[in-house]
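Spelled out, the chains give:
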Amino acid sequence: MDHPSPWRYADFRTLFTATTLSQLGTSVGYVAVPLIAVSALDATPGEVGILGALSTAAFLLIGLPAGAWVDRLHQRRVLIVADLVRAVLFAAIPLAWWLHALTLWELSAIVLLNGAATVFFDVGSQSILPQLVGRDGLVRANAAVVSLIAAGNAVGRGAGGALVQVLTAPVAVLAAAAGYLGSALRLTAIRVTTGPASGTPAGSAAAPLRRQIGEGVRHVVGNPELRALAFTATLSNLGTQLVNTMLPILFLRQLHFPAGVLGLFWAAGGIGLLIGSRCARPLAARLGHGRTLGLAGLWLAPAGLLVPLVGRGCWLWVAGAGWLLAMFKIGTDNVLGVSLRQRMTPDALLGRMNATFRFLLTGALAIGAALAGLIGQLAGVQAALWVGGVLLATAFLPVYRSPVRSRRELPAEPLPSAPATRSSRPTKPVSPRP
């Protein structure tokens, strides 16, 4: 059965446009910030790894409580404030550079705070989506959003590399700040009421934060399908970050490529994400939702072993092809995996479920960046690339060996909310929640 198109909803079109601008800022910043550290601040592999870890460390620090907070707040306001904060932080980088005051410590503080704002934006954007398009429209809506992110990776990172090469990295960051500002202004046009998640019982806002966080964690870890999706995505992110953290040092210092070549290599991964996200729905319709998730990993994940072969001449093309295929698999996973976990989660737990996934997935980015810096400092850049390639090649195994692989369709109804802890169970029967 074909699901309704999300494009008929004006608020979804508004969110999509805002996400386009926000993704522009993210993609340009992704290229420019590490290049500032390498070229302008002469950072070592270990320092680049620390910088990469700090950019996502907020997901480990506040990722889980952010989900409970988002469930209590108006998601539209959360998104707007997060974008405004990111715009101000990125605008501070070229200002400090022009004043000859930019240091690695200041850059580290900026990426840490930017990561905290991104926590709220990512959790809020995934939590608001079911309110905008309904649960039946989630697959098509997620396909559109993931395709947009992939296109942003391809176009934005390629453009980011070109901007850095032409204007220098600090000036290119202004484009990122402008993207975030434009996104915040566009989000003000969303008309739907986006208050605390529907289905949240009265008085839940006053419930202990630890209990609310625990409900989200139990919902994910206690279900074998959600648990497998979380483990596979975590391993994929860990491998991806190990590779991405070392690429600027490899391309600029060891291979002596210009910044534009690095941008194009990252753009090849974005193209893979885009193609994978666009193919996800047709493949799921033909093979089954879960079977596509399993087979995509079996067929494509081993291409990650080609990425550490990157070098001059034909090896650049071989590694680029491996990177594209590995990202194709991740693009497919993003559409089908996100749709599955959203459909399996009640509205009242969406923020906490998304925060639990973000805590694991983006926390893996922080760990991967730090691990890349450590391996790169002690054993060399190439060793870090090989560790990342092996993780990319094997990350599909949790989903492949789980009940997800046999799922043909998305569930018709979400799972029931996580049971209360022993100490919080009511002493008398209560009516079931709608």
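Criteria and cut-off values
- Residues numbered from 1 in each chain as written.
- Predicted model: local features only at pLDDT ≥ 70, side-chain atom pairs only at ≥ 80, totals over all residues.
- Heavy atoms only, no water.
- Helix = DSSP H or I, 4+ residues; strand = E, 2+ residues; numbered from the N terminus.
- Buried < 20%, exposed > 50% of the residue type's maximum accessible area, 1.4 Å probe, protein only.
- Contact = heavy atoms within 4.5 Å.
- Axes fitted to C-alpha atoms, helices over the stretch in contact; angles between N-to-C directions.
- Parallel < 35°, antiparallel > 145°, perpendicular 65-115°, else oblique.
- Left-handed = near helix turned anticlockwise from the far one by under 90°.
- Phe/Tyr/Trp six-rings, centres within 6.5 Å; stacked < 30°, edge-to-face > 60°.
- Lys NZ or Arg CZ within 6 Å of the ring centre and 35° of its normal.
- Core = buried A, V, L, I, M, F, W, Y, C linked by side-chain atoms within 4.5 Å.
- Patch = residues over 30% accessible without salt bridge, like charges linked within 9 Å, V, L, I, M, F, W, Y side chains within 5 Å.
- Areas by Shrake-Rupley, 256 points an atom, 1.4 Å probe, with all protein chains shown as cover.
- Salt bridge = Lys/Arg side-chain N within 4 Å of Asp/Glu carboxyl O.
- Expected span 1.5 Å × (residues − 1).
- Bend = angle between axes of the 7 residues up to and from the residue.

Chemist: It is not clear to me how the environment of Val217 should be interpreted in this structure. Could you clarify?
Modeler: Secondary-structure assignment places Val217 in helix 7 (residues 209–221). The class for Val217 is partly exposed, based on a relative accessible area of 27%. Remark: the alpha-carbon pair of Val217 and Arg352, spanning 135 residues in sequence, is separated by 7.6 Å. Residues contacting Val217, with those up to four places away along its chain left out, are Leu64, Gly222 and Thr356.

Chemist: How do you make sense of the packing of helix 8 (residues 224–254) against helix 11 (residues 314–343) when you look at a structure like this?
Modeler: Helix-helix packing: each pair is described by the crossing angle between the helix axes and the interaxial distance. In the contact formed by helix 8 and helix 11, the axes pass within 11 Å of each other and the chain directions differ by 150°. On the basis of their axis angle, the class for helix 8 and helix 11 is roughly antiparallel. Of the two possible hands of crossing, helix 8 and helix 11 adopt the one that is left-handed. Across from Glu225, Leu226, Leu229, Thr232, Ser236, Thr240, Val243, Asn244 and Phe251 in helix 8, the residues of helix 11 making contact are Leu316, Trp323, Met327, Lys329, Ile330, Asp333, Gly337, Leu340 and Arg341.

Chemist: Please explain the environment of Val173 as it appears in this structure.
Modeler: Here Val173 is to be found in helix 6 (residues 169–187). Along the primary structure Val173 and Val28 are separated by 145 residues, whereas in three dimensions their C-alpha atoms are 6.8 Å apart. Not counting residues within four places of it along the chain, the set of residues in contact with Val173 comprises Ala32, Ile36, Phe90, Ile93 and Pro94.

Chemist: Where do I start with the packing of aromatic side chains in this structure?
Modeler: Think of a pair of aromatic rings as described by two things: how far the centres are apart, and how the planes are tilted against each other in angle. Considering all chains together, one arrives at eight aromatic pairs under this definition. Measuring from ring centre to ring centre gives 5.1 Å for Trp7 and Phe12, while their planes differ by 70°; the resulting arrangement is edge-to-face. Using a relative accessible area of 37% as the deciding quantity, one classes Trp7 as partly exposed. With a centroid separation of 5.6 Å and an interplanar angle of 90°, the aromatic rings of Phe90 and Tyr180 are classed as edge-to-face. Here Phe90 is found in helix 3 (residues 75–98), whereas its partner Tyr180 is found in helix 6, with 90 residues between them in sequence. Feature note: the residues Phe251, Phe257, Phe265 and Trp323 constitute an aromatic cluster, connected by ring pairs. Sitting over the face of the ring of Phe357, Arg341 holds its NZ or CZ atom 4.2 Å from the ring centroid. For Arg405, the ring lying beneath its charged end belongs to Tyr400, and the centroid distance is 4.3 Å.

Chemist: I would appreciate a short explanation of the nonpolar core in the present structure.
Modeler: Generally speaking, soluble globular proteins have nonpolar side chains that are buried together. Val164, Leu247, Leu250, Phe251, Trp323 and Leu385 are the most contacted members of the largest nonpolar core, which has 57 residues in total. Apart from residues lying up to four places away in sequence, Leu247 is in contact with Leu262, Phe265, Trp266 and Leu385. With 22 residues, the next largest nonpolar core counts Val139, Val146, Ala228 and Val404 among its residues.

Chemist: What is the right way to read the side chain of Asp122 from this model?
Modeler: Mapped onto the elements of the fold, Asp122 is located in helix 4 (residues 104–133). Looking at Asp122, the relative accessible area reads 16%, which means it is buried. With near-sequence residues (within four places) excluded, Asp122 lies in contact with Phe59 and Arg358.

Chemist: For this particular structure, what's the right way to read a nonpolar patch on the surface?
Modeler: On the surface, Leu95, Trp97, Trp98, Leu99 and Leu174 cluster together to form a nonpolar patch covering roughly 510 Å² of accessible area. At three residues, helix 3 tops the list of elements feeding residues into the nonpolar patch. Mapped onto the secondary structure, Leu95 falls in helix 3. Judged by its relative accessible area of 47%, Leu95 is partly exposed.

Chemist: Is there a simple way to explain helix 1 (residues 10–40) in this structure?
Modeler: Residues three or four positions apart in an α-helix share a direction because the helix packs 3.6 residues into each turn. Taking 1.5 Å per residue as the helical rise, helix 1 with its 31 residues ought to reach 45 Å, and the 44 Å between its terminal C-alpha atoms agrees with that figure. At Gly29, helix 1 shows its maximal bend, which comes to roughly 30°. Looking at the residues trailing helix 1, positive phi occurs at Asp42, about 55°.

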